[in-house]
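Architecture and fold: a report
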Number of protein chains: 2
Amino acid sequence: MGKKLKPTWIWYPGDFEIWQHNKISLRREDRQCIFPPFWKLDNFYISVKFKKELNLEKPEKVSIFADGKYSVGLDRDMSINTDLRDTFIIPEGKHTLMVFAVNQTSIPSIYVEGESFVSDGSWEVSYSNCDWVKVGYWNLNDVNIPPSKFSLPKKEVLPVNVQKRDSSLFVDFGKEIFASIKLTGVSGSGKFTVYYGESVEEAESRDRCVLLDTCVVEECKSTYILPLRAFRYVNIDFDKDVLLGDLSALFEYLPLEYRGNFRCSNQRMNEIWETSRYTLHLNSREFFLDGIKRDGWVWSGDAYQSFLLNYYVFFDKDINKRTLIALRGKDPVTGHINTIMDYTFYWFLSLYDYYLYTGDIEFIEQNYNKMLTLMEFCLNRRNNSGMMEGLPGDWVFIDWADFDKTGEVCAEQILLFRSLQVMSDFSLLLGFEEKSHEFASLANELKSKIVEAFWNSNLGGFVTTRIDGKCSTQITKHANIFAMLFGLCNVSQLESIKKNVLLNDNIQKIKTPYFRFYELAALCELGEQSIVCKEILDYWGGMLDLGATTFWEEYDPSLKGAEHYAMYGSPFEKSLCHAWGASPIYILGRYFLGVKPLTPGYKSFEVKPNLGSLEWIEGTVPAPNGEIYVYMDNSTIKVKHTDYSGVLIFDSKIEPYVSSGKLRKLGENRYELTLDNPGYEYVIKYAKVHK
Amino acid sequence: MGKKLKPTWIWYPGDFEIWQHNKISLRREDRQCIFPPFWKLDNFYISVKFKKELNLEKPEKVSIFADGKYSVGLDRDMSINTDLRDTFIIPEGKHTLMVFAVNQTSIPSIYVEGESFVSDGSWEVSYSNCDWVKVGYWNLNDVNIPPSKFSLPKKEVLPVNVQKRDSSLFVDFGKEIFASIKLTGVSGSGKFTVYYGESVEEAESRDRCVLLDTCVVEECKSTYILPLRAFRYVNIDFDKDVLLGDLSALFEYLPLEYRGNFRCSNQRMNEIWETSRYTLHLNSREFFLDGIKRDGWVWSGDAYQSFLLNYYVFFDKDINKRTLIALRGKDPVTGHINTIMDYTFYWFLSLYDYYLYTGDIEFIEQNYNKMLTLMEFCLNRRNNSGMMEGLPGDWVFIDWADFDKTGEVCAEQILLFRSLQVMSDFSLLLGFEEKSHEFASLANELKSKIVEAFWNSNLGGFVTTRIDGKCSTQITKHANIFAMLFGLCNVSQLESIKKNVLLNDNIQKIKTPYFRFYELAALCELGEQSIVCKEILDYWGGMLDLGATTFWEEYDPSLKGAEHYAMYGSPFEKSLCHAWGASPIYILGRYFLGVKPLTPGYKSFEVKPNLGSLEWIEGTVPAPNGEIYVYMDNSTIKVKHTDYSGVLIFDSKIEPYVSSGKLRKLGENRYELTLDNPGYEYVIKYAKVHK
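The rules behind these values
Residues numbered from 1 in each chain as written. Chains lettered and ligands numbered in written order. Predicted model: local features only at pLDDT ≥ 70, side-chain atom pairs only at ≥ 80, totals over all residues. Heavy atoms only, no water. Axes fitted to C-alpha atoms, helices over the stretch in contact; angles between N-to-C directions. Helix = DSSP H or I, 4+ residues; strand = E, 2+ residues; numbered from the N terminus. Parallel < 35°, antiparallel > 145°, perpendicular 65-115°, else oblique. Left-handed = near helix turned anticlockwise from the far one by under 90°. Contact = heavy atoms within 4.5 Å. Nonpolar A, V, L, I, M, F, W, Y, C, P; charged D, E, K, R; others polar. Least-squares fit on C-alpha atoms with pLDDT ≥ 70 in both. Expected span 1.5 Å × (residues − 1). Pairing = 2+ DSSP bridges. Buried area = accessible area lost by both parts, 1.4 Å probe. Salt bridge = Lys/Arg side-chain N within 4 Å of Asp/Glu carboxyl O. Polar contact = N/O pair within 3.5 Å; in protein donor to acceptor, adjacent residues only side chain to side chain. Buried < 20%, exposed > 50% of the residue type's maximum accessible area, 1.4 Å probe, protein only. Domains from an automatic or database assignment.

Residue and element names in this part refer to chain B. At a minimum axis separation of 11 Å, helix 10 (residues 477-485) and helix 11 (residues 491-502) run at an interaxial angle of 155°. What the angle tells us is that helix 10 and helix 11 run roughly antiparallel. Taken as a pair, helix 10 and helix 11 cross one another with a handedness that is left-handed. Residue-level contacts link Lys 477, Asn 480, Ile 481 and Met 484 of helix 10 to Leu 494, Ile 497, Val 501 and Leu 502 of helix 11. Here the contact of helix 10 with helix 11 is built from residues that sort into 6 nonpolar, 1 polar and 1 charged.

Okay, here's the thing in structure tokens:
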């Protein structure tokens, strides 16, 4: 007897993600009013057919289940066989089994149980009479839970404190959660209203809190499960004849393995890392959300950072894939992703990172046509000088910062340049050499144009924009950071940007944690880990001092009390659990533990640890099939890795001692050790170089 | 007090049609198995926003209803106002009212009641943050019947005969209907099964009839309303403990005005005309169906003919618009309409006819972008010689006929040529002169290529195809009829085609009523109404002789008994109520009454009556704002028209007498009378020219 095969629900690839994304995008509320996104939401194919080529050694019983209606065809291309229903026998030999599935309200999907075959990733699917592609699927293995009934798992959590007040309860769950309030044993008559708060003040503000639910107590109903909400506190008002019974919360979460770790000599830094992980986990769900309370939407710029954070803590490929599919939607492209020009480019950059970290070329291949049509949309919007300007309906974002975003914004052109490079790389990888050359020359041309147009050698940096052929003389950090990170600078330009822009106090400060991600990364690229260390402790530590259990959308130390919760002119509009608030995970893993892949899927990698101003650091970075452990203090470095081979790069005032491996001197005080012995703990004795 | 304004449900234009089309397309069954179409079905936008600019003289109360969820914004571009719900007051002055509406399962739509304004065609809608277009709407004026609850009206009809048999009933409704069987007063326990038949034989064939429904009698339920089915007869089997009660049928229909009429000296021809009208009416529903039993789908080639029939009997613009929208679906174009190359071209030709008959340029304008992208799809599929060949996934149909359809099929190129002309005309009309020139020169180039490639002067006609540069020497009527009808021939070619192809008994006969439409039209264009008269009486009369109450998909006089009902290898697969069976309506109105528009919307028209072999004919042809009445016998012609002006063209052996109007001699025996006096009955005395 062979191993029993396990069937899984299958569907048209991408449609599960698109349908779920729609559900989630339309969930946002503001005081019981819906608040839908302002970009196009695509829809799924309502009528598809599935195909599987069989070669059966003996007659075989097959059972078919569908989410929607279905019919079966056997060995007939377009035609159904009305004799084949639910369960039937397929004779031995070669056959083509077709299942026609339709569903107008949720994605048509099927689940097939045979003996030598089942529904799985080997099936093909089409929405017409040709264009067969591999099906989509995603661990939905329970026949009783088809895609339309899917939801993330839940666990019940109890409040840490309940205060009884006059005909109300004030409840604290101890930390921010994403959950449904559950009331059991409710009785009496009348209604009750639940006011939610990420802060005490919000939950107490009945007329300004963002989220609330009102229920009328029904006869014969004692259990009430309210909609999913983001909160730490709830304040429940109830009519005098209502008895509320017992209260808990059903916390809904994506199961994730905590594979990456970070610890160091500074306890506050450790707390920052853990709070970052919790913040990111709450926002890691069907997709990466920007914030669980607001917006609860999937934004490409926010996701770009979440993807990178994910590689350093959960290394969950699936959520990255789901998010990338949802963001891209379907053709035709009629506007930028989230309507934001830069957010379109981040999608290309995210795919590049995805391939670099995971090595999963199949996903790139599946999305290549969508990359082409999205890039075509961009290229068709270039002006006469070959650059992209905001057109009607476009949002040119880059950052909430004080600079002119009309005309040819330098930072946008850099992102386009980098996206073109990505297109060239992927085209070559997939065997489209001509396309690759096309994109490469577009990238190179644009690179020259950018330097020519925006580099101001008097000011020593890239200026913000050019409007009607006239260059601005304003310099902000944004374009300069991008120029650094995305390889647009020569060595002297790098030096100039460091001095004249990044470390120049006269240049406008970055105010958002969103762009601080890029700023801190850029500073680390320049070896300024000590500055970054202080920044993290001050900024993120400041939130912890104010009692944060998750990190915020924005933090301004100069504000007082409930002022912290206001945004966009509303008192509680600020998101207190925002994915981009978790960026220390990336900074500490990538630039302190210093781990990054050099070739796709970590087939080779680099470890370049840096203590910053810490006494010791220790941690693990996940990789596709294993992990990389790093320890460092002032005199010792330890590295252990599994399955891969890499290099350790470090500085030392003295000739270092290494327990094993090939050591090479790279320059003054700089050494490289090959790491080609998986499972072995390399120990290096060295002496720190103080700058 | 001004007149009270009536609100109507509004939605994203086209989405109602697309959603309904999906519902209807997915309804087909074959012995209780679903039978979905094999082409892409598009989906609606699930999140849209509506906008109305207001200038209120005084504060005004507004009430909002939605099919789905909604929020309101006032004077804020992208943002909702949580204070505005259900009913609220808008202050006087200028305002922008926005309604955000979402619905994942049926189209998001709204209904707004104000005092000086309501939801109507003046609102705009968008699925993103730009690209505003005028809303779609369609007489859904009842706030309680939103689009998701829409269905056509029903009337109850009773059987004309019920035979009680052993534990079964055999029921005859007297003629073909499209209805739900309704049983009231059902009691007992057990089940009953309803077998449907367009013929007695089908309803009696429990194991081969196409449609059947099984019901289990439930306690506390005495009324059973079954799904909509096409049938004349039902055979109901019931278990011995089941009492069936009373039986009727809820006949669902599109209310249509019978505006066009035709009567003549031949009673059988009158019966043919009336049965044609009934056949077309049954297939005229949310959209034009090919047949009410099979397929119950919307096919572009079938619809092309239904549109033309409609102009001569109902002149219902709305069903044409709905059908054209449903056929086209949404971008991106990934395949031909219904997967058939010729069916894509008929869509362009149908739009041309729509504009010619109705003069409705607004609809053309609304669809212009979709014409462009569909034509782009076609042009991108041309081969190196600039012609279209079937590519993988394409169905090259033209007709069920015996000729090679590989390579460059001549008939397809002619349809492409005509489609390019249509694109050129519409482009010019809408002010896109450059586009118009582009399409015109593509059309002209193609015309020359077609004549050069396919005209065989030895055989005196167009050959069927060219494969790998090698021309076929087969001639069938198809390409030659198209060449005639779509203006590809010079006078000598026309003469040659008439003699060598159309009236040549050695050329393969047209076997389908579908292509007979074109053949009869072509014969009439050549003045062969007498031949056509005989053809109609024989072919359609033959079906009446067999008891037809509606005309069939196909009729072969050589078959016997139940053989008539078989098709595609199944005994009852033939559709006995097929829209294209109704073509005498078009032939008699267009070529016997002889009425056609000369300029869009009948602003000018031609009446060129022809008796064929009939003694007298009389009838009315509807036009946008009125109608054209025509009477003709061997010595008298009468014409009356309303609102328009036209010309009467007729042949007479003698100098005719005319009661009024300007008479002009056009040639030997041929006269033209101007008709510029609406409401006046022109009487002409003439003498018939016998050929």
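It is worth spelling out the packing of helix 6 (residues 341-358) of chain A against helix 7 (residues 361-379) of chain A at this point. All names here are of chain A. At a minimum axis separation of 11 Å, helix 6 and helix 7 run at an interaxial angle of 160°. For the element pair helix 6 / helix 7, the angle class is roughly antiparallel. Classified by chirality, the crossing of helix 7 by helix 6 is left-handed. Residues Thr 344, Phe 345, Trp 347, Phe 348, Leu 351, Tyr 354 and Tyr 355 of helix 6 lie in contact with helix 7, whose contacting residues are Ile 361, Phe 363, Ile 364, Asn 367, Lys 370, Met 371, Leu 374, Met 375 and Cys 378. Residue composition of the contact of helix 6 with helix 7, by class: 13 nonpolar, 2 polar and 1 charged.

Here chain A sits on chain B after a turn of 180° about the axis and a move of 0.0 Å along it, with an RMSD of 0.1 Å. As the rotation angle and translation indicate, the two copies are arranged about a two-fold axis. Within chain A, Thr 105 of chain A has its C-alpha nearest the rotation axis, a separation of 2.4 Å.

Moving on to helix 8 (residues 410-429) of chain A. An ideal rise of 1.5 Å per residue puts 28 Å on 20 residues; helix 8 of chain A measures up with 29 Å between its terminal C-alpha atoms. Backbone geometry just after helix 8 of chain A places Gly 431 of chain A at a positive phi near 90°.

Residues and elements named next belong to chain A. Strand order in the open sheet formed by 5 strands is 5-7-3-9-10, and the pairing between neighbours is antiparallel. Where the open sheet ends on each side, the last strands, each with one partner, are strand 5 (69-74) and strand 10 (133-134). Alignment of strand 3 (residues 47-56) against strand 9 (residues 124-126), held across 3 bridges, turns out to be antiparallel. Within strand 9, the position partnered with Lys 49 by the bridge is Ser 126.

Take the sheet that holds strand 6 (residues 87-90) of chain A next. Residues and elements named next belong to chain A. A sheet is described by the order of its strands in space; here 3 strands give the open sequence 6-4-8, paired in antiparallel fashion. Only two strands of the sheet have a single neighbouring strand rather than two, namely strand 6 and strand 8 (109-113). Each adjacent strand pair in this sheet contributes to an overall mean axis angle of 30°, direction not counted. Alignment of strand 4 (residues 60-67) against strand 8, held across 5 bridges, turns out to be antiparallel. Note on strand 8: the bridge partner recorded for Ala 66 is Ile 110.

Quick look at the interface of chain A and chain B now. The interface is formed by 45 residues belonging to chain A together with 45 residues belonging to chain B. Summed over both partners, the interface of chain A with chain B buries about 3,900 Å², with 62% contributed by carbon and sulfur atoms. Inspection of the region where chain A meets chain B yields 0 salt bridges. Between chain A and chain B we count 10 residue pairs in polar contact (both at pLDDT 80 or more) in total. Breaking the side of chain A that touches chain B down by element, the ones donating at least two residues are helix 1 (15-25), strand 2 (33-34), strand 3, strand 5 and strand 7 (93-102) of chain A. Considering only residue class, the side of chain A that touches chain B consists of 22 nonpolar, 14 polar and 9 charged.

Turning our attention to unusual backbone geometry. Omega for the bond connecting Arg 294 of chain A with Asp 295 of chain A falls within 30 degrees of zero, at 5°, which places this linkage in the cis form. Note on placement: Asp 295 of chain A falls in the loop between helix 3 (267-283) and helix 4 (300-311). Its identity is not glycine, yet Ile 398 of chain B carries a phi of approximately 60°, on the positive side.

Here the focus is the side chain of Glu 573 of chain B. All names here are of chain B. Residue position: Glu 573 is located in the loop between helix 13 (529-545) and helix 14 (584-592). Taking the relative accessible area as the measure of exposure, Glu 573 reaches 11% and is therefore buried. Sequence-distant contacts of Glu 573, defined by excluding residues within four places in its chain, comprise Arg 28, Val 210, Arg 294, Glu 553, Tyr 565, Met 567 and Tyr 568.

With that settled, the discussion passes to the domain arrangement of chain A. Often the size quoted for an interface is simply the accessible area lost on bringing the parts together. Along its sequence, chain A is carved into domain 1 (15-149), domain 2 (154-252), domain 3 (256-319 + 510-591) and domain 4 (593-685). The straight-line distance from the C-alpha centre of domain 1 of chain A to that of domain 4 of chain A is 47 Å.

Residue and element names in this part refer to chain A. Most of strand 3 is tucked away, with 8 of its 10 residues classed as buried. Pairing between strand 3 and strand 7: 10 bridges, direction antiparallel. When the sheet's bridge partners are listed, Lys 52 is paired in strand 7 with Leu 97.

All names here are of chain A. With 9 of 9 residues buried, helix 14 (residues 584-592) is to be regarded as a mostly interior element. What helix 14 keeps buried is the set Pro 584, Ile 585, Tyr 586, Ile 587, Leu 588, Gly 589, Arg 590, Tyr 591 and Phe 592. Just downstream of helix 14, Gly 594 is the residue with a positive phi angle, here 75°.

Below, the discussion takes up the pairing of strand 12 (residues 161-165) of chain B. All names here are of chain B. Summarising the sheet, strand 12 and strand 13 (residues 168-184) pair through 5 bridges and their orientation is antiparallel. Pairing of Asn 161 across the sheet is with Asp 172, part of strand 13. Hairpin connection, strand 12 to strand 13: the antiparallel pair is bridged by 2 residues, and Ser 167 has positive phi, about 40°.

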